[in-house]
Amino acid sequence: MLQGKIDIFRHYESLLGEEQGFGIRISSENVPEGSMTWVVPDFNASSGGHINILRFMALLKQNGFSEQRLVVIEPHRWNSNPEAQAALNAAFGNHGVIVSLGARSIEPCQYLVATGWQTAYWVSKYRDAARKLYFVQDFEPAFYAHGSEYTLAENTYKLGLTGITAGRWLADKLHEDYGMRTMAFDFACDLELYQRQPKRPSKAKHIFFYARPVTPRRCFELGLLALKKVCDRMPEAAVIFAGWDVSGYDIPFHHLNAGSLAVSNLPDLYSQCDVALILSSTNLSLLPLEMAACGCPLVINRGANASWLLPEEEAYYCDMDVDAIAARLMEALQDPEGAARRAALALKRAQGASWKVEAEKISAFLREIG
């Protein structure tokens with residue numbers, strides 16, 4: 001605020017970045033071979049996007065890209081580099097990733113990687129990197145109303161960065177709509193954590209719902225309306241809400257508000273459920289494969305953005321419509337043998353996926369582009 005007025009310039013001009021560096025020729029003589037700097041928005045321990053970034057940084061380090069640096073852009077809540085370093089190590093493990101604060105702390109490197117769209121302008125304007133990449137985990141313009149921030153986010157796909165995308169849908173979309181060069185990695189899950197646990201006897205039919213009312217793209221309201229229809233028609237049904245605290249909502253059917261849970265508690269929770277409802281109007285989260293690894297049947301909305309991971313015979317696909325969602329949930333609950341067949345196929349796919357293999361794909365791509 002400036003004398004009671006909103007200061008548009010300070011916020012948005014910072015997002016647009018500024019030119020940095022001298023345009024030096026990058027080689028093994030002046031930067032370490034394979035050095036990578038990832039530019040990220042501020043982090044917290046529960047951020048799925050940051051978990052994925054740090055996972056790949058650790059795996060790429062093992063694959064010969066030994067210098068991994070993380071630059072946290074403004075605004076951030078850390079008072080010093082050591083404070084941010086300690087918090088990062090506590091949240092994600094100490095993998096030898098070096099942290100620095102502020103977009104102006106970027107140093108010469110072989111690969112400079114944008115992540116959230118707020119970092120892309122800074123990366124595009126930095127002159128002392130041999131290759132500039134964009135690690136894209138979702139179509140971020142869709143996080144906003146179709147206005148200024150939508151346009152600012154969308155324009156980052158026109159900056160000439162090379163995309164490494166979470167799944168083929170994003171790779172195809174960014175290439176076809178914006179002309180980006182892209183490569184896609186597939187999803188996997190931590191199979192040491194996500195394993196089927198013993199299912200406890202229960203008279204109730206448990207429906208898991210990934211409920212995040214604070215994240216519009218997860219379509220909380222549509223899911224809630226559909227779940228009420230199911231519970232009205234099937235008195236034995238009970239819903240488990242997880243992902244966010246929903247205690248502030250009037251929910252007139254039998255349910256458990258599990259809220260945000262520690263990751264270590266998720267496999268047992270998933271294993272107790274007879275079906276899971278996972279909706280997304282943009283790219284999939286990692287949740288479907290993680291739940292599949294625990295043997296839970298899945299109901300997912302149909303669409304190119306959500307259908308690319310699992311084929312039709314491995315999940316129940318529904319239109320993004322209240323009645324269609326409710327019908328597929330009831331189909332899964334009323335035909336446990338059919339649901340088990342789909343779940344078994346999805347479980348096999350989850351068990352065959354590997355983050356190590358996906359990191360090796362990215363490593364090969366990085367070496368190819370040099």
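A. Up close: the overall build of the protein. Helix and strand counts for the protein come out as 12 helices and 13 strands. By the compact-globule yardstick of 21 Å for 370 residues, the protein fits well, its C-alpha radius of gyration being 22 Å. Per-residue burial for the protein yields a buried fraction of 52% across its 370 residues. For the protein, long-range pairs separated by at least 24 residues make up 67% of all intrachain contacts whose partners lie at least 6 apart in sequence. By element, 50% of the accessible surface of the protein is carried by carbon and sulfur atoms, the whole surface being about 17,000 Å². Across the protein, the centroid of the 36 positively charged side chains sits 2 Å from that of the 42 negatively charged ones.

B. Local environment of unusual backbone geometry. Residue Glu 74 is joined to Pro 75 through a cis peptide bond whose omega torsion reads -5 degrees. Structurally, Pro 75 is set in the loop between β2 (68-72) and α3 (81-92). Its identity as a non-glycine residue notwithstanding, Cys 219 has a phi of 55 degrees, on the positive side. Position of Cys 219 among the secondary structure elements: in the loop between β8 (205-210) and α7 (220-233).

C. Inspection of the packing of aromatic side chains at higher detail. Under the defined criterion, the tally for this structure stands at 20 aromatic pairs. When the centroid spacing of 5.3 Å and the interplanar angle of 70 degrees are considered together, the rings of Trp 38 and Phe 135 count as edge-to-face. Taken as a pair, Trp 38 in strand β1 (residues 36-40) and Phe 135 in strand β5 (residues 129-136) lie far apart in primary sequence, 97 residues in all. Using a relative accessible area of 2% as the deciding quantity, one classes Phe 135 as buried.

D. Quick peek at the sheet that holds strand β7 (residues 182-185). The strand order across the open sheet built from seven strands is β3-β2-β1-β4-β5-β6-β7, with neighbouring strands paired in parallel fashion. Because the sheet does not close on itself, it has two edges, and the strands there are β3 (98-101) and β7. Sheet twist, expressed as the mean angle between neighbouring strand axes with direction ignored, is 25 degrees. The pairing of strand β4 (residues 109-114) with β5 spans five bridges and is classified as parallel. Residue pairing in the sheet places Cys 109 in a bridge with Ala 129 of β5. In this fold α3 packs onto β2 and β3, with an angle of close to 135 degrees to the strand it touches most, β3. Contacts from helix α6 (residues 168-178) reach β5, β6 (162-166) and β7 within the one sheet, and its direction differs from that of β7 by about 170 degrees.

E. Layout of a nonpolar patch on the surface. Taken together, the side chains of Ile 6, Ile 8 and Phe 9 make up a nonpolar region of the molecular surface, amounting to roughly 360 Å² of accessible area. Relative to the helices and strands, Ile 6 resides in the segment before α1 (8-15). A relative accessible area of 68% means that Ile 6 is categorised as exposed.

F. Looking closely at the pairing of β5. In this region the chain leaves β4, passes through helix α4 (residues 117-124) and returns to the parallel neighbour β5; the handedness of that crossover is right-handed. Two elements, β5 and β6, share four bridges in a ladder whose sense is parallel. Looking at the pairing, Phe 135 lines up with Ile 164 of β6. Tracing the backbone out of β5, into helix α5 (residues 148-155) and back to the parallel element β6 gives a crossover that is right-handed.

Rules used throughout
Residues numbered from 1 in each chain as written. Predicted model: local features only at pLDDT ≥ 70, side-chain atom pairs only at ≥ 80, totals over all residues. Heavy atoms only, no water. Helix = DSSP H or I, 4+ residues; strand = E, 2+ residues; numbered from the N terminus. Rg over C-alpha atoms; globule rule 2.2 N^0.38 Å. Buried < 20%, exposed > 50% of the residue type's maximum accessible area, 1.4 Å probe, protein only. Contact = heavy atoms within 4.5 Å. Areas by Shrake-Rupley, 256 points an atom, 1.4 Å probe, with all protein chains shown as cover. Lys, Arg positive; Asp, Glu negative; His and termini not counted. Charge placed at Lys NZ, Arg CZ, Asp CG, Glu CD. Phe/Tyr/Trp six-rings, centres within 6.5 Å; stacked < 30°, edge-to-face > 60°. Pairing = 2+ DSSP bridges. Axes fitted to C-alpha atoms, helices over the stretch in contact; angles between N-to-C directions. Patch = residues over 30% accessible without salt bridge, like charges linked within 9 Å, V, L, I, M, F, W, Y side chains within 5 Å. Salt bridge = Lys/Arg side-chain N within 4 Å of Asp/Glu carboxyl O. Right-handed = clockwise from strand over helix to strand, strands pointing away.

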